[in-house]
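Listed here are the chains, written in short residue letters.
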Amino acid sequence: MDYVVPSEVVSDVLNAAVKKAGLSARDMLIRGALAGVFLGYATSLVFVALSQGLPALTGAIIFPVGFVMLVLLGFELATGNFALLPAALMDQRISGGAMLRNWTWVYLGHLLGSVFYAPLFYLAITSFGANNGAALGDQFRQVAERKTVAYAALGMGGWGTAFIKAMLCNWMVTVGTILAFASRSTIGKITAMWLPITVFFAHGYEHSIVNMFAIPAGILLGAHVSVGQWWWWNQIPVTLGNILAGALFTGVALWYTYARKQEYAVRPSEARSSVAVAAGD
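What counts and how
Residues numbered from 1 in each chain as written. Predicted model: local features only at pLDDT ≥ 70, side-chain atom pairs only at ≥ 80, totals over all residues. Heavy atoms only, no water. Core = buried A, V, L, I, M, F, W, Y, C linked by side-chain atoms within 4.5 Å. Buried < 20%, exposed > 50% of the residue type's maximum accessible area, 1.4 Å probe, protein only. Helix = DSSP H or I, 4+ residues; strand = E, 2+ residues; numbered from the N terminus. Contact = heavy atoms within 4.5 Å. Axes fitted to C-alpha atoms, helices over the stretch in contact; angles between N-to-C directions. Parallel < 35°, antiparallel > 145°, perpendicular 65-115°, else oblique. Nonpolar A, V, L, I, M, F, W, Y, C, P; charged D, E, K, R; others polar. Expected span 1.5 Å × (residues − 1). Salt bridge = Lys/Arg side-chain N within 4 Å of Asp/Glu carboxyl O.

J.: What should I look at first to understand the nonpolar core in this one?
T.: One recurring pattern in soluble globular proteins is that nonpolar side chains are buried together. Membership of the largest hydrophobic core comes to 66 residues, with the highest contact counts inside it found for F63, L84, L85 and F140. If one sorts the elements of this core by residue count, helix α6 (residues 96-126) sits on top with 10 residues. Among all residues touching L85, those that are not within four sequence positions of it are A17, K20, A21, I94, A98, M99, N102 and W103. W159, A162, W233 and V238 belong to the second largest nonpolar core, which has 6 residues in total.

J.: Sorry, what's going on with the packing of helix α5 (residues 78-90) against α6 here?
T.: Axis angle and axis distance: for two packed helices, these are the angle between their axes and the distance between the axes, and together they describe the pair. Relative to each other, α5 and α6 sit at 175°, their axes nearing to 10 Å. When the axis of α5 is compared with that of α6, the two are roughly antiparallel. Of α6, the residues touching α5 (which contributes A78, N81, F82, L85, P86 and L89) are G96, A98, M99, N102, W103, V106, Y107 and H110. Of the residues contributing to the contact of α5 with α6, the split by class is 10 nonpolar, 4 polar and no charged.

J.: Quick question: what am I supposed to make of helix α2 (residues 25-51) here?
T.: Note that an α-helix has 3.6 residues per turn; residues three or four places apart therefore point the same way. The end-to-end C-alpha distance of α2 is 38 Å, a good match for the 39 Å that 27 residues give at a rise of 1.5 Å each. One or two positions beyond α2, positive phi appears at G53, with a value near 85°.

J.: Explain the pattern of salt bridges to me, please; I cannot follow it from the model alone.
T.: Close approach of charged atoms lets side chains of opposite charge pair. Considering all chains together, one arrives at 7 salt bridges under this definition. For E76, the salt bridge identified is with K20, shortest N-O distance 2.9 Å. Here E76, found in the loop between α4 (64-72) and α5, pairs with K20, found in helix α1 (residues 6-21); they are 56 residues apart in sequence, far enough to count as distant. For K20, a relative accessible area of 15% puts it in the buried group. The partner of K147 in a salt bridge is E206, and the shortest N-O contact between them spans 2.9 Å. Residue K147 is found in the loop between α7 (134-146) and α8 (149-152), and its partner E206 is found in the loop between α10 (186-203) and α11 (208-220); the two are separated by 59 residues along the sequence. Under the relative-accessibility criterion, K147 is labelled buried at 13%. Salt bridges sharing common partners tie together E8, D12 and R184.

Okay, here's the thing in structure tokens:
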């Protein structure tokens, strides 16, 4: 059958996490960079739609194309790995060092890919700086400022808001990552992944990798945002929120309910002993 039951899904997730933890730094960097570019493409596609006056929900419906492509190609996504690798760590299949190594290299790859795509996108829509990007540029300038200086205006309440929005975002993103294992067919995987990614994007929650492209692109297009504001008021709290929700609400939670070795389970040797005692009686 096409459908994979949750217990088998989690088993496949754990096996995949072990493979991810064993990748070379080169492969993690390359696959992370390509994933960053693909999410940048998906994000710019959303802004193209919005700049044409289409409803915001349209953007949420089309954004998952980037997520689907990178997953099907086997690229590395840090926000997904924030769930997969903690589950494998809890199952004692990988070390904490291996988990952090993966997160670091993949995250760095995302940053390189995202800031590589951002100036190319800027040059494309401004004709090498000849204009300001018109309505499409306006979308990026507004979003970059809304994701940074708007939070800064609220003080630590803004920092906390970014953190909570990041938690709510990656709860759904990691569910999408897990659901990629819930089907044996390509169309089944695509459909399963599409649902939670649409949900998070429609809510306007914060995704650290998406922001690696959206905010630098906005800065290039003239948004009144500094690099320091980008990192302090968005990238740092959003990354931390993504990690917390992915690790606890998805990775550890699913491992605990589907893969944890039951403390009360009877070992085979104990079962044989019980049978022997009963036979003796």
